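Now for the letters of each chain:
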Amino acid sequence: MIRPAHKSLRTRSQIIGKKEIRLLVVGSSGVGKTTLCNCFFEDHQNQGEETREKYIQIDNEFIKISISDIVGKQSFYACDNPYDGYDAILVMYDITELKSFTDLKTMWLPDIFLYCNIDTQIIIIGNKKDQEIDRIITRKEAEQFAKDRLCQFYEISTEDDSCQLLFDCISRDFLQCDIKIRMLIVGDQSVGKTTFIKKFTLQDPTGHDFMSAITTRFEMEKIKYEIIMIDWGFYNKLLQTNPAISRTIEAILIVYDITNEESFQNIHRKYYPLINNKFSDVTGVIIGYKTDLEAQRKITMDDALTLTDWLGYKYVEMSSKDTEDHSSIIKALAHSIRINRLKIEQSYE
Ligand SMILES: Nc1nc2c(ncn2[C@@H]2O[C@H](COP(=O)(O)OP(=O)(O)OP(=O)(O)O)[C@@H](O)[C@H]2O)c(=O)[nH]1
Ligand SMILES: [Mg+2]
């Protein structure tokens, strides 16, 4: 019986300036887990050992990579939560074996979504791409499958150098960020959510069909942050493929238009009940948008503050016409989430 993951269980090495990456490789029998580990450790005799470590050099930095292979299901499930404490979980299937992909969909991923730490990167890996002739799972299908679940995706073969490349990509990715935070943005149509994301990320989300998660990175006090901003429409889509998605969201931004009364009423009529039911201890921020249209303002600052105080959320007002970008609010949020994580970590020590 796996111990249910508490939201506060997080990967320790994700906290700050890590020099160690902890990986777990899972997947059905015969997909190539042990071969992949042996390939990385350049030890082709090993029949499987729980955890092995190796230092690799990326640019001028040495980082320790530790990889845990599942050796026997009994010992794997004997611990409280076998998915706890990893920076990334590599979920493997064999591109020539349908059952290994079905197992990944129905067995491995649902468990991982439910029990892994909230900032663990889940990486789907299709192995044995050298056996193209026997391929059953197309690259396109698996790639889309991973994308719809916010997972990374690689196809490899342990017979060529693609597995070394895989570890190189994973390491570089981790060196680029110390902390990953998922935020959800909600609000009525046309209140300015897309514009807000655009101003903040300096990217154009319209190209993403508005059903998207947009990733942006910044550095603050020498800490590298990665923010994954998820739109409400995409969140509902994610919910179908990963019912445990809500536990990975640490902040919610509710946007309304100060000239549109209904968009304000919907905060407590529509969005607050949804959030209150589905998310626990998220940081909430309400954003009064379009302040450049002061003459048409319907919601006074006092009305907004009364509501936000009552809900226990922070309140800010802004406009897309503001000269600075919108990063200050996101940076303040990210900072308070990091402090909160540190407090939780300390309480575990
Ligand atoms: N053609 C090909 N064969 C591979 C590849 N990777 C692994 N294999 C073979 O697949 C078989 C199973 O590999 P293992 O690494 O033992 O699989 P595993 O996932 O560790 O399996 P269990 O430990 O039983 O769960 C072995 O015969 C490997 O040689 C690959 O990329 N291409
Ligand atoms: Mg094995």
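These numbers come from a predicted model, not from an experiment. (Residues numbered from 1 in each chain as written. Chains lettered and ligands numbered in written order. Predicted model: local features only at pLDDT ≥ 70, side-chain atom pairs only at ≥ 80, totals over all residues.)

Trainee: Would you mind showing me how to read the overall build of the protein here?
Mentor: In terms of regular secondary structure, the protein is built from 10 helices and 12 strands. When burial is assessed residue by residue, the protein has 38% of its 349 residues classed as buried. (Helix = DSSP H or I, 4+ residues; strand = E, 2+ residues; numbered from the N terminus. Buried ≥ 20, exposed ≤ 12 C-beta atoms within 10 Å, placed from the backbone.)

Trainee: Before we go on, may I ask you to explain helix H3 (residues 98-115) in this structure?
Mentor: Over its 18 residues, H3 runs 25 Å from end to end, which matches the ideal 26 Å to within 8%, given 1.5 Å per residue. The sharpest bend along H3 comes to roughly 45 degrees, located at Leu104. Within H3, burial applies to Ser100, Phe101, Leu104, Trp108, Leu109, Ile112, Phe113 and Tyr115. Looking at the buried residues of H3, the elements they touch are strand S1 (20-27), strand S4 (88-94) and strand S5 (121-127). (Expected span 1.5 Å × (residues − 1). Bend = angle between axes of the 7 residues up to and from the residue. Contact = placed C-beta atoms within 7 Å.)

Trainee: Looking at this structure, I do not really get the sheet that holds S1. What am I missing?
Mentor: Hydrogen bonds along the backbone pair up the strands of a sheet, which may run parallel or antiparallel. Pairing within the open sheet is mixed, and its 6 strands lie in the order S2-S3-S1-S4-S5-S6. One side of each edge strand has no neighbouring strand; the edge strands of this open sheet are strand S2 (51-58) and strand S6 (152-155). The mean inter-strand angle of the sheet, taken between neighbouring strand axes irrespective of direction, is 25 degrees. Pairing geometry for S1 and S4, over 5 bridges, is parallel. Residue pairing across strands places Gly27 opposite Met92, the latter belonging to S4. (Pairing = 2+ DSSP bridges. Axes fitted to C-alpha atoms, helices over the stretch in contact; angles between N-to-C directions.)

Trainee: Which parts of the structure should I look at to understand the sheet that holds strand S9 (residues 223-231)?
Mentor: What the 6 strands build is an open sheet, ordered S8-S9-S7-S10-S11-S12; its pairing is mixed. Looking at strand neighbours, the two that pair on one side only are strand S8 (213-220) and strand S12 (314-317), the edges of this open sheet. Strand-to-strand twist across the sheet, computed as the mean angle between neighbouring axes with direction ignored, equals 25 degrees. Of the pairings in the sheet, the one linking strand S11 (residues 283-289) to S12 comprises 4 bridges and is parallel in character. The residue bridging Val285 from the neighbouring strand is Lys314, located in S12.

Trainee: Which parts of the structure should I look at to understand the pairing of S6?
Mentor: Where a strand is regular, its side chains alternate between the two sheet faces. As judged from the 4 bridges shared by S5 and S6, these two strands associate in the parallel manner. Within S6, the position partnered with Gly126 by the bridge is Glu155. In this region the chain leaves S5, passes through helix H4 (residues 139-147) and returns to the parallel neighbour S6; the handedness of that crossover is right-handed. (Right-handed = clockwise from strand over helix to strand, strands pointing away.)

Trainee: Just to check I follow, could you spell out the nonpolar core for this structure?
Mentor: Where a protein is soluble and globular, its nonpolar side chains tend to be buried together. Ranked by internal contacts, the top residues of the largest apolar core, which has 43 residues, are Leu23, Val25, Ile89, Leu90, Val91 and Ile112. Elements supplying a minimum of two residues to this core: S1, helix H1 (33-41), strand S3 (61-69), S4, H3, S5, H4 and helix H5 (162-175). Per-element accounting of this core gives the leading share, 7 residues, to H3. Counting 40 residues, the second-largest nonpolar core is a separate cluster that includes Ile227, Phe234, Ile245 and Met318. (Core = buried A, V, L, I, M, F, W, Y, C linked by C-beta atoms within 7 Å.)

Trainee: Sorry, what's going on with the site of ligand 1 here?
Mentor: Near ligand 1 you find 16 residues, and of these Ser29, Gly32, Lys33, Thr34 and Thr35 are the closest. Tallied by class, residues from the shell around ligand 1 come to 1 nonpolar, 11 polar and 4 charged. (Near = placed C-beta within 6 Å. Nonpolar A, V, L, I, M, F, W, Y, C, P; charged D, E, K, R; others polar.)

Trainee: What am I meant to see in unusual backbone geometry here?
Mentor: Peptide bonds are trans in most cases, and residues, glycine excluded, mostly fall at negative phi. Its identity as a non-glycine residue notwithstanding, Ser190 has a phi of 65 degrees, on the positive side. In this structure Ser190 comes out as exposed when scored by C-beta crowding, with 12 C-beta atoms within 10 Å. Non-glycine residue Lys222 carries a positive phi angle of around 65 degrees.

Trainee: Just to check I follow, could you spell out the confidence of the model for the protein for this structure?
Mentor: Do not read the predicted coordinates in detail wherever pLDDT is low. Averaged over every residue, the pLDDT of the protein is 86; the share at 70 or more is 87%. Overall, residues 4-9 carries pLDDT values under 50, and its contacts beyond four positions in sequence, including any with other chains, amount to 12 contacts. (pLDDT = per-residue confidence, 0-100.)

Trainee: Got a minute to help me understand H1 in this structure?
Mentor: Each α-helix winds once per 3.6 residues, and so residues spaced three or four apart point in a common direction. The element H1 is largely enclosed, with a buried count of 7 among its 9 residues. Summarising the contacts, the buried residues of H1 are in contact with S1, S2, S3, S4, S5 and H5. Backbone geometry just downstream of H1 places Glu42 in the positive-phi region, at approximately 50 degrees.

Trainee: Explain the environment of Phe153 to me, please; I cannot follow it from the model alone.
Mentor: Secondary-structure assignment places Phe153 in strand S6. Given 17 C-beta atoms within a 10 Å radius, Phe153 is considered partly exposed. Here the alpha-carbon distance between Phe153 and Glu143, two residues 10 residues apart in the chain, equals 6.1 Å. Not counting chain neighbours up to four residues away, the residues in contact with Phe153 comprise Ile124, Ala142, Glu143 and Ala146.

Trainee: Just to check I follow, could you spell out the pairing of S9 for this structure?
Mentor: Relative to S9, strand S7 (residues 179-186) runs parallel, the two sharing 7 bridges. Paired with Met183 across the two strands is Met229, which belongs to S9. For S8 and S9, the ladder comprises 8 bridges, and the chain directions are antiparallel. Its bridge partner being in S9, Thr216 is matched across the sheet by Ile227.

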